[in-house]
Amino acid sequence: MTNNELRDLLSELSLQEKIDQLLQISGAYYYNDQNVILTGPCEDSGVKIEDARRAGSIINATSAGFAKTIQSTHMKTCSKNIPLIFMADVINGYKTILPAPIAQACSFDPSLVEAGASVAAAEASAAGVMVTFSPMVDLVNDSRWGRVMESAGEDPYLSCVMAKAMVEGYQGEDCSKPGRIASCVKHFAGYGAPMGGRDYDNCELSPLTLIEDYLPAYKAAVDAGCELVMTSYNLLNRVPTTSSRELIKDTLRESWDFNGVVISDWASIAEMITHGLCTDEREAAFAAFRAGVDIDMGTSCYSNSLAQLVESGEIKEAEIDSAVFRVLELKNKLGLFENPYKDMDEVAEQNLFLCDKHRQIARNLALESFVLLKNEGAILPLKKDQKVIHTGPFLDSQDLCSSWSLFAQKDSTVSVKQGIESHKEISEYMLYAGEEFNDEFYNCVASAEKVVLYIGEPSSMSGESRSRANLTLPDSHMQLLRNVYKLNKEIITVVFGGRPLEIQELTEKSKAVIYAWLPGTEGGNALAEMLYGDAVPSGKLSMSIPRCVGQMPLSYRRFSTGRPYNGSDYCNGYIDVLPTPLFSFGYGLSYTEFSYGPVLLSGYTVSPGLPITAQCIIKNTGFFRGTETVQLYIRDCVALVVRPIKELKGFKRITLDPGEEFTVSFSITEEMLKFYNRDYEFKAEKGEFFVFIGDSSDTENKQLFYYDDNK
Ligand code: GLC
């Protein structure tokens, strides 16, 4: 449809027909219970069945067949032939499940993350999904919050890179094309910083912290062309974001020039009553609509109140028209007026779901998301004819997909046991999947050359409403490790989970530690390849791993303070725990080793339009071909708004053969040095800077340079 035709269509709609377009309901209203996936409270949505039947969009329909049934029923009965739009939480894959997003970010490989998002889009669109509520780009530096699993971790720059990659992977150049879906970035804004790490809690962020650290990733998604933005459940500085005109109208629409659809989170409009902002759903509808929220997900606030608000003059019908036009435009961008069914196709579902190509991309992502944290005495990789016992509760587990893998086929996940058994060349191994500790097991463990232990946090303990006050692994898992440790010290531990956990004792008792996160459908195959050296670890932590939960929130982007930690009295830190993480952001080992030469600069002054180049010679000094993510950090030594001691400003993945060396170059630009000053101007200040080039945020490989703004 042309825009004029869309305008004509809008002009033919009654007020009720317009309001219908602003209601999104669960597919539960259309089909019987066993096919319903509820991702929020549904029992008291208050949506009248007659309103539901006229809703403009559906959330979480579960297959092409169901979506077709719903759409064809709708098209027969609806007025004006406006098709439904189907939206869903395709967070890390649809049927072929990718690693959890926090793990994908450890790949530092945006092109592979984009490929993963394209796989998700191809499968989801065949199943009738037209919009995914992804990427989730909430910055997180507190792993007590269960939704850290869905994020790209603690760094704004990495979160921006991953946001762009996922939006482009889902939408491609044109989301109406076959195999493409529209992307909805979430949760706008600041949801990842709840007090105490408690989900849905208030987020107190200073304006500078908000604009400097928390907003960039949403803007990166908007700049990448995401079609929708979802508001969040939290208060931001005591104001529900779903009612925030500053966030939605001023920042999103005015400053960022976003013209797409804004959708509430599930029931987040009605929840403004519970928050204590509104007395009833009419007030909640008014607060959300005035702020700029177009679609009410999951409640009757809009369907029950907008007409009255127009009749009373509190809302102008022209404002309703603007919201409805954005929804119609989205449907038009997806080509739904020409083809209401888009890519829904049962045959395509069968051909695409879990196909070899998709599995391979999922496996590659899993391989690049594993982080090797320790490898004492090069105990890894294992030899294929070595007497190794594999054991632990995750050995034979298919619980390798995140809790947002709503559409996964449970039996399609490859367990570690299956991965090892199907690996053709592994000739000598023992698998002991039980947890009980008996004589037979003792003998196996005591006599094995090495023991590989698979332990961690079940996927059900991370994700939405899965905040934890502790970050420990299950007691039984740690007890198993202690029992094994009494008998055999040659322990390799593989840790699963959706968040950074407390692994200090585990690390002390293991010769090698691989952080496998929640690796998805191909996790077992990928781990077998990695452990036996068919693949070499390259993952780098997207999130600091703490020494203990008491350190939360924790980020490498910390401040010097007036008394930096030095181990003596009167300094920043704790008296009982080192203030630094156990493993830092950007850290990750390989089976090979890389040396870094000094940072070499093409000049010592950056000025407007005149960047300098920072170079570093990296050499593979080990015995395996490996990939290293070379990281660029900047420190602004003195500024009128104090700057963090390090900020990631770039990274490059390089693959080198043993003995090979490569010169990595980064351009140091004025743009890189800018920040928001006390007047909220985005500017660089003249003075001294350090540029670091290294293998993690711990690097001290640095060089001094200056920025002079009047050259
Ligand atoms: C959930 C989540 C959000 C999701 C939405 C729809 O409560 O907060 O991330 O997209 O509801 O399922």
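Residues numbered from 1 in each chain as written. Predicted model: local features only at pLDDT ≥ 70, side-chain atom pairs only at ≥ 80, totals over all residues. Heavy atoms only, no water.

Here we look at the state of the cysteines
Then step 1. Going through the model one piece at a time under the given rule, you end up with zero disulfides.
Then step 2. This cysteine, Cys160, is not joined by any disulfide, and Cys226 carries the nearest cysteine sulfur, 12 Å off.
Then step 3. Free cysteine Cys616: the closest other cysteine sulfur is in Cys637, separated by 19 Å.
Then step 4. The buried category is assigned to Cys616, whose relative accessible area is 0%. (Disulfide = S-S within 2.5 Å. Buried < 20%, exposed > 50% of the residue type's maximum accessible area, 1.4 Å probe, protein only.)

Focus on the environment of Ala105
Then step 1. Following the sequence through the fold, Ala105 ends up in helix α5 (residues 101-105).
Then step 2. Overall, Ala105 belongs to the buried group, its relative accessible area being 1%.
Then step 3. For the pair Ala105 and Ala163, spaced 58 residues apart in the sequence, the C-alpha separation amounts to 9.9 Å.
Then step 4. Apart from residues lying up to four places away in sequence, Ala105 is in contact with Ala152, Leu158, Met162 and Ser542. (Helix = DSSP H or I, 4+ residues; strand = E, 2+ residues; numbered from the N terminus. Contact = heavy atoms within 4.5 Å.)

Examining the packing of helix α7 (residues 156-171) against helix α9 (residues 216-223)
Then step 1. Taken N-terminus to C-terminus, the directions of α7 and α9 make an angle of 30 degrees; their axes are 8 Å apart at the nearest point. Compared by their axis directions, α7 and α9 come out roughly parallel. Here α7 runs over α9; the crossing is right-handed. The segment α7 lies against α9, with Ser159, Cys160, Ala163 and Val167 engaging Pro216, Ala217, Ala220 and Ala221. (Axes fitted to C-alpha atoms, helices over the stretch in contact; angles between N-to-C directions. Parallel < 35°, antiparallel > 145°, perpendicular 65-115°, else oblique. Left-handed = near helix turned anticlockwise from the far one by under 90°.)

As for the site of the ligand
Then step 1. In the vicinity of the ligand lie 14 residues, with Thr39, Asp89, His187, Tyr233 and Asp265 positioned nearest.
Then step 2. Lys186 is positioned with one of its side-chain polar atoms (N or O) 2.8 Å from an oxygen atom of the ligand.
Then step 3. Between the ligand and the protein, one listed contact pairs an oxygen atom with a side-chain N or O atom of Glu464 at 3.0 Å.
Then step 4. When atoms are counted within 2 Å of each cavity's grid points, the one that captures over half of the ligand is the second largest cavity. (Near = heavy atom within 4 Å. Polar contact = N/O pair within 3.5 Å; in protein donor to acceptor, adjacent residues only side chain to side chain. 1 Å grid on protein atoms, 1.4 Å probe; cavity = no way out; pocket = protein on both sides within 12 Å on 5 of 7 lines; lining within 4 Å. Sits in = over half its atoms within 2 Å of the grid points.)

Some thoughts on the pattern of salt bridges
Then step 1. Within the structure shown, the criterion is met by 46 salt bridges.
Then step 2. A salt bridge links Asp51 to Arg54; the nearest nitrogen and oxygen atoms lie 2.8 Å apart.
Then step 3. According to the relative accessible area criterion, Asp51 is buried, its value standing at 7%.
Then step 4. Put simply, Asp155, Glu212, Asp213, Arg557, Arg643 and Glu647 are held in one network by salt bridges that share partners. (Salt bridge = Lys/Arg side-chain N within 4 Å of Asp/Glu carboxyl O.)

Topic: empty space enclosed by the protein
Then step 1. One pass over the structure, following the stated rule, counts six cavities of 30 Å³ or more.
Then step 2. Quantified by volume, the largest cavity comes out at close to 110 Å³.
Then step 3. When residues of the lining of the largest cavity are traced back to their parent elements, those giving at least two are α5 and α7.
Then step 4. Broken down by element, the residue count for the lining of the largest cavity peaks at four residues, all from α7.
Then step 5. In terms of residue class, the lining of the largest cavity is built from 11 nonpolar, four polar and one charged.
Then step 6. Taken as a whole, the second largest cavity holds about 90 Å³ of empty space.
Then step 7. Lining the second largest cavity are 14 residues, with Thr39, Asp89, Asp265, Trp404 and Glu464 sitting closest to its centre.
Then step 8. Here the residues of the lining of the second largest cavity sort into seven nonpolar, two polar and five charged. (Points joined across faces, edges and corners; volume = space filled by probe spheres on them. Nonpolar A, V, L, I, M, F, W, Y, C, P; charged D, E, K, R; others polar.)

With respect to the packing of helix α10 (residues 245-255) against helix α12 (residues 281-291)
Then step 1. Taken N-terminus to C-terminus, the directions of α10 and α12 make an angle of 20 degrees; their axes are 8 Å apart at the nearest point. The orientation of α10 relative to α12 falls into the category roughly parallel. In this structure, α10 contributes Arg245, Ile248 and Lys249 to the contact, and α12 contributes Phe289, Arg290 and Ala291.
Then step 2. Its residues placed into classes, the contact of α10 with α12 shows three nonpolar, no polar and three charged.

Quick word on the sheet that holds strand β16 (residues 512-517)
Backbone-to-backbone hydrogen bonds join strands into a sheet, with any given pair of strands oriented parallel or antiparallel.
Then step 1. Pairing is mixed in the open sheet, where six strands are placed in the order β11-β16-β15-β14-β12-β13. For this open sheet the edge positions go to β11 (371-375) and β13 (430-432), each flanked by a neighbour on one side alone. Neighbour to neighbour, the strand axes of the sheet diverge by 15 degrees on average, direction disregarded.
Then step 2. Both strand β12 (residues 388-391) and strand β14 (residues 450-456) contribute to a ladder of four bridges, which runs parallel. Directly across from Thr391, in β14, lies its bridge partner Leu453.
Then step 3. Here helix α19 (residues 475-487) sits on the sheet in contact with β14 and β15 (491-496), set at roughly 165 degrees to β14. (Pairing = 2+ DSSP bridges.)

Things to note about the nonpolar core
Then step 1. Ranked by internal contacts, the top residues of the largest apolar core, which has 139 residues, are Leu373 and Ile503.
Then step 2. Excluding residues that lie within four positions of it along the chain, Leu373 makes contacts with Ile503, Val513, Tyr515, Leu541, Ile545, Phe583, Tyr587 and Leu589.
Then step 3. If you look at the next biggest cluster of nonpolar residues, it comprises 34 residues, including Tyr170, Ile181, Ile361 and Leu648. (Core = buried A, V, L, I, M, F, W, Y, C linked by side-chain atoms within 4.5 Å.)

Thoughts on the side chain of Ser510
Then step 1. Tracing the backbone through its elements, the reader meets Ser510 in the loop between α20 (504-508) and β16.
Then step 2. According to the relative accessible area criterion, Ser510 is buried, its value standing at 2%.
Then step 3. Each residue touching Ser510, except ones within four places of it in the same chain, is listed here: Lys374, Leu481, Ile491 and Thr493.

Observations concerning the sheet that holds strand β9 (residues 261-263)
Then step 1. Ordered by their spatial adjacency, eight strands build an open sheet running β9-β6-β5-β4-β3-β2-β1-β10, and the pairing between neighbours is parallel. Edge positions in the sheet fall to β9 and β10 (296-297), since each has one partner strand and no second.
Then step 2. Running over the sheet, α10 touches β5 (182-188), β6 (228-231) and β9 and is turned about 155 degrees from β9.

Concerning helix α16 (residues 356-369)
Then step 1. The terminal C-alpha atoms of α16, which comprises 14 residues, lie 20 Å apart, in line with the 20 Å expected from a rise of 1.5 Å per residue.
Then step 2. Every buried residue belonging to α16 is among His358, Arg359, Ile361, Ala362, Leu365, Ala366, Leu367, Glu368 and Ser369, and all of these are buried. (Expected span 1.5 Å × (residues − 1).)

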